[in-house]
Amino acid sequence: MHYVYEETNSLDDRCYTTFGLTPEILMEHAGLALAHAVKKKLTCKKSALFVCGMGNNGADGIVAARLLHGAYNVSLYLPFKIKSELAKLQLERAKKVGVIVVDELIDADIYVDALFGAGLNRPLDDLTCKLLETLNAKQGYKIACDIPSGILSDLTLSSVIFQANETVTMGALKLALLNDNVKDAIGDIKVANLGISRNQYETPSSLFLLHKSDLRLPFRIKKNANKGTFGHVAIVQGSKEGAARLAGMGAFHFGAGLVTLIGEKPKKLPIYLMNSETLPKNANVIVAGMGLEMPFDEVALKTLLLSNTLPLVIDASLSQHPLLCEIIASQKPLVLTPHPKEFSSILELTCKEKVSVEAIQANRFAYAKRFSLAFPHVVLVLKGANTIIAHNGELFINTYGTPALAKGGSGDVMSGMIGALIAQGYTPKDAAISGSLAHALVSRKFTCNNFALTPIDICKGLKWL
Ligand SMILES: NC(=O)C1=CN([C@@H]2O[C@H](COP(=O)(O)OP(=O)(O)OC[C@H]3O[C@@H](n4cnc5c(N)ncnc54)[C@H](OP(=O)(O)O)[C@@H]3O)[C@@H](O)[C@H]2O)[C@@H](O)CC1
Ligand SMILES: Nc1ncnc2c1ncn2[C@@H]1O[C@H](COP(=O)(O)OP(=O)(O)O)[C@@H](O)[C@H]1O
Ligand SMILES: [K+]
């Protein structure tokens, strides 16, 4: 996993004060990384237009244009009066080496957005939005310098954002690139080295971007094993039976030795899933909430969930029911797997905070972090295009999910998978991280198209991870 930062100005400052690296050195490296990304897409016949703003983001673009000029067909477009002293200096240098400055948004094969980066502190005005709209409408490959213009430093968005195929971000990963609402605007992210290795540039952070290598699959190391070695997942069945069945299939395919659905005998049940009216004695985790339609027998459910010490995975309707407060208060090991609407109910139930889904989605990180600090024993899996796993103030961000997962039942499977890992001895936090990663990575294995994946395909796909 890699560290992620709410802002990197303090890391830049540390480069000046601790390592004696001047802003100019950092900028020369930023420009070089940007030039490198542009060069990869440029042949001698192709052209690149650098659209540069008035601050140091623009200055990075000007440096990159200077570095490429002479060998490639590049030009600069500067729609605003330059403000930053460094940008003025870079422009003087670029002009001295002969970089062409054009006075309109000309056509090119590659467009570089160096209008605004980390310094965008208020929404863009109409004229600038129009400029971005024109830029977005142009054919050609689009590269954003540091952050696509339009994403503000407080993570709010302007009405238009530059739509990048690729973002070259400077020094370290920024949180602003990882919110759900910018997933369509950032393209592939590359982190530029600023003249010092990433390890040296970075300081510890409580925010992490998950990597494929963070996935810990439940491989069976012990040869002298039986089904009991791999745990028994109990899944509470609701009136919509299919949901618990999908969770059960997810759990079984992800290595649980035994899976029992608790409730009345369902009409249909895969032959490997068991059914019981009561909690099996050897169950070691309970998964509940999916398919549970209101009203349900609260007393029976409370007894089932709270009259033992088993860890819980709670999903769907149960995140919206007052019983959740008692579950949290019990201090049992607990994983919550809400989508944003369910998380809105959780915040209302537990923190007495009415937060709309839109407000949550605008800054998922802040709400997830705040909740995890308020309830440090709970692991929150806030589902979405980029799923966040929050625990005791730490956030782990999983960006591997694809729209193929946007189907009823996908989340049920994931809750079952997380339950399976807990049954096999993972901590709730590790189970949430690896369950969420495996779920997302499976969706990427289906390469033929991204609309036909079913929850059952997710379960089957676990065979090939
Ligand atoms: N720090 C370093 O060492 C390194 C920094 N690096 C690079 O610097 C970038 C940050 O540069 P930056 O701080 O100059 O900010 P930037 O994004 O260029 O824009 C600021 C300008 O925009 C203006 N402005 C703001 N909002 C506006 C609006 N809505 N509409 C209109 N204007 C608006 C604002 O004006 P003001 O608020 O002063 O009125 C100011 O003039 C960073 O992303 C990275 O690329 C790299 O080289 C590595 C080393
Ligand atoms: N656009 C998307 N990109 C990545 N993952 C997605 C996307 N849409 C949905 N998902 C994932 O699919 C799952 C959907 O879960 P959920 O909404 O709870 O469905 P259900 O309750 O019907 O099972 C979540 O894990 C979510 O992160
Ligand atoms: K930019």
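Residues numbered from 1 in each chain as written. Chains lettered and ligands numbered in written order. Predicted model: local features only at pLDDT ≥ 70, side-chain atom pairs only at ≥ 80, totals over all residues. Heavy atoms only, no water.

**So, the site of ligand 1**
What counts here: Note on definitions. A residue lies near a molecule or strand when any single heavy atom of the residue is within 4 Å of it. Residues adjacent in sequence count toward polar contacts only when both atoms are side-chain atoms; beyond that, a polar contact is any pair of N or O atoms within 3.5 Å, and within protein one must be able to donate a hydrogen and the other to accept it. The Shrake-Rupley method, run with a 1.4 Å probe sphere, supplies the accessible areas, and residue values consider only the shown protein chains as cover. Where helices and strands are cited, they refer to DSSP runs of H or I of at least four residues and of E of at least two residues respectively, numbered from the N terminus.
Near ligand 1 lie 21 residues; those nearest to it are Tyr16, Asp60, Gly117, Arg122 and Asp146. Within the contact set of ligand 1, an oxygen atom lies 2.3 Å away from a side-chain nitrogen or oxygen of Tyr16. Contacts to ligand 1 include Lys83, whose side-chain N or O atom sits 3.0 Å from an oxygen atom. The protein chains hide 80% of the 940 Å² of surface that ligand 1 would expose on its own. When contributions to the shell around ligand 1 are tallied by element, the ones reaching two or more residues are α1 (9-19), α2 (23-41) and α3 (56-68).

**Observations regarding the coordination of the potassium ion (ligand 3)**
Definition in use: For Na, K and Ca the donor cut-off is 3.2 Å, while for other metals it is 2.8 Å, and in both cases only N, O and S atoms qualify; water is not among them, so sites may look incomplete. Square planar and octahedral sites, with four and six donors, are those where opposite donors lie more than 155 degrees apart and all other angles lie between 65 and 115, tetrahedral sites have four donors with every angle between 85 and 135 degrees, and the rest are irregular. Exposure classes here rest on a 1.4 Å probe applied to the protein chains alone. A residue is buried below 20% of its type maximum, exposed above 50%, and partly exposed in between.
Those donors, Asn57 (OD1), Asp113 (O), Asp113 (OD), Phe116 (O), Cys145 (O) and Ile147 (O), are the protein atoms that reach the potassium ion (ligand 3), and they lie 2.6 to 3.2 Å from it. Coordination geometry of the potassium ion (ligand 3): the 6 donor atoms subtend angles of 67 to 150 degrees at the metal centre, consistent with an arrangement described as irregular. Judged by its relative accessible area of 5%, Ile147 is buried.

**Brief notes about the domain arrangement of the chain**
How big an interface is tends to be stated in terms of the accessible area lost upon association of its parts. We apply this condition: In this document the domain limits rely on a domain assignment from an automatic tool or a database. Whether two residues touch is decided by their heavy atoms; if any such pair falls within 4.5 Å, the residues are in contact. A 1.4 Å probe defines the accessible area here, and the buried area is the portion of it lost by two parts on being joined, summed over both. Throughout this description, the term salt bridge denotes a Lys or Arg side-chain nitrogen within 4 Å of a carboxyl oxygen of Asp or Glu.
Splitting the chain by domain gives domain 1 (2-205) and domain 2 (213-464). On a C-alpha basis, the centroid separation for the pair domain 1 and domain 2 is 40 Å. In this complex, domain 1 contributes 8 residues to the contact, which on the side of domain 2 involves 12 residues. Both sides of the domain 1 and domain 2 interface together cover about 930 Å² of buried area, and 47% of this is carbon and sulfur. On the domain 1 side of the interface with domain 2, the three residues burying the most area are Leu178, Asp180 and Lys183, jointly 56% of the side's total. The partner of Asp180 in a salt bridge is Arg364, with the nearest N and O atoms 3.4 Å apart.

**Regarding the pairing of strand β7 (residues 166-170)**
Look at any regular strand and the pattern is simple: side chains alternate between the two faces of the sheet. Here is the rule: One requirement defines pairing of two strands: DSSP has to find at least two bridges between them.
Taken across its 5 residues, β7 has 5 buried, putting it largely inside the fold. Side chains Glu166, Val168 and Met170 of β7 all project onto a buried face; the interleaved residues Thr167 and Thr169 project onto the opposite face, where all are buried too. Sheet analysis places strand β6 (residues 141-145) next to β7, joined by 3 bridges and oriented parallel. Of the residues in β7, the one forming a bridge with Cys145 is Val168. Note that β7 and strand β9 (residues 188-192) share 5 bridges and pair parallel. When the sheet's bridge partners are listed, Thr167 is paired in β9 with Ile189.

**A closer look at the packing of aromatic side chains**
For the record, the criterion: The pairing test for Phe, Tyr and Trp rings, Trp by its six-membered ring, is centres within 6.5 Å, and the orientation test on the planes gives stacked under 30 degrees, edge-to-face over 60, and tilted for anything in between. We count a charge as sitting over a ring when the NZ of a lysine or the CZ of an arginine lies within 6 Å of the ring centre and within 35 degrees of the ring normal.
Going through the model one piece at a time under the given rule, you end up with 7 aromatic pairs. Aromatic pair Tyr3 and Phe208: ring centres 5.6 Å apart, planes at 40 degrees, arrangement tilted. Taken as a pair, Tyr3 in strand β1 (residues 2-5) and Phe208 in strand β10 (residues 207-209) lie far apart in primary sequence, 205 residues in all. Exposure remark for Tyr3: the relative accessible area of 27% places this residue in the partly exposed category. Members of the aromatic cluster, each reached through a chain of ring pairs, are Tyr3, Tyr5, Phe208 and Phe396. Here Arg216 stacks its cationic end above the ring of Tyr426, 4.4 Å away from the centre of that ring.

**Quick word on unusual backbone geometry**
The phi torsion at Leu155 lies on the positive side, around 75 degrees, for a residue other than glycine. In this structure, Leu155 sits in the loop between β6 and β7. One non-glycine residue, Lys352, adopts positive backbone phi at about 55 degrees. Looking at the element boundaries, Lys352 is found in the loop between α10 (340-351) and α11 (357-362). For Lys352, a relative accessible area of 67% corresponds to the exposed category.

**Quick look at the packing of α10 against helix α12 (residues 364-374)**
Counted only if it meets this: Fitting a line to C-alpha atoms yields each axis, with helices limited to the stretch in contact; the angle taken between N-to-C directions then spans 0 to 180 degrees. Small angles under 35 degrees read as roughly parallel and large ones over 145 as roughly antiparallel, with 65 to 115 read as roughly perpendicular and the rest as oblique. The handedness criterion is simple: a crossing whose near helix is rotated anticlockwise from the far helix by less than a right angle is left-handed, and one whose near helix is rotated clockwise is right-handed. Any residue outside Ala, Val, Leu, Ile, Met, Phe, Trp, Tyr, Cys, Pro, Asp, Glu, Lys and Arg is labelled polar, Gly included; the first ten of those are nonpolar and the last four are charged.
One can describe the packing of α10 onto α12 by two numbers: an axis separation of 12 Å at closest approach and a directional angle of 40 degrees. The angle between α10 and α12 falls in the class oblique. Between α10 and α12 lies a crossing of left-handed hand. Between α10, through Pro340, Phe343, Ile346, Leu347, Thr350 and Cys351, and α12, the contact on the second element is made entirely by Arg364, Tyr367, Ala368 and Phe371. When the residues that make up the contact of α10 with α12 are grouped by side-chain class, the tally is 8 nonpolar, 1 polar and 1 charged.

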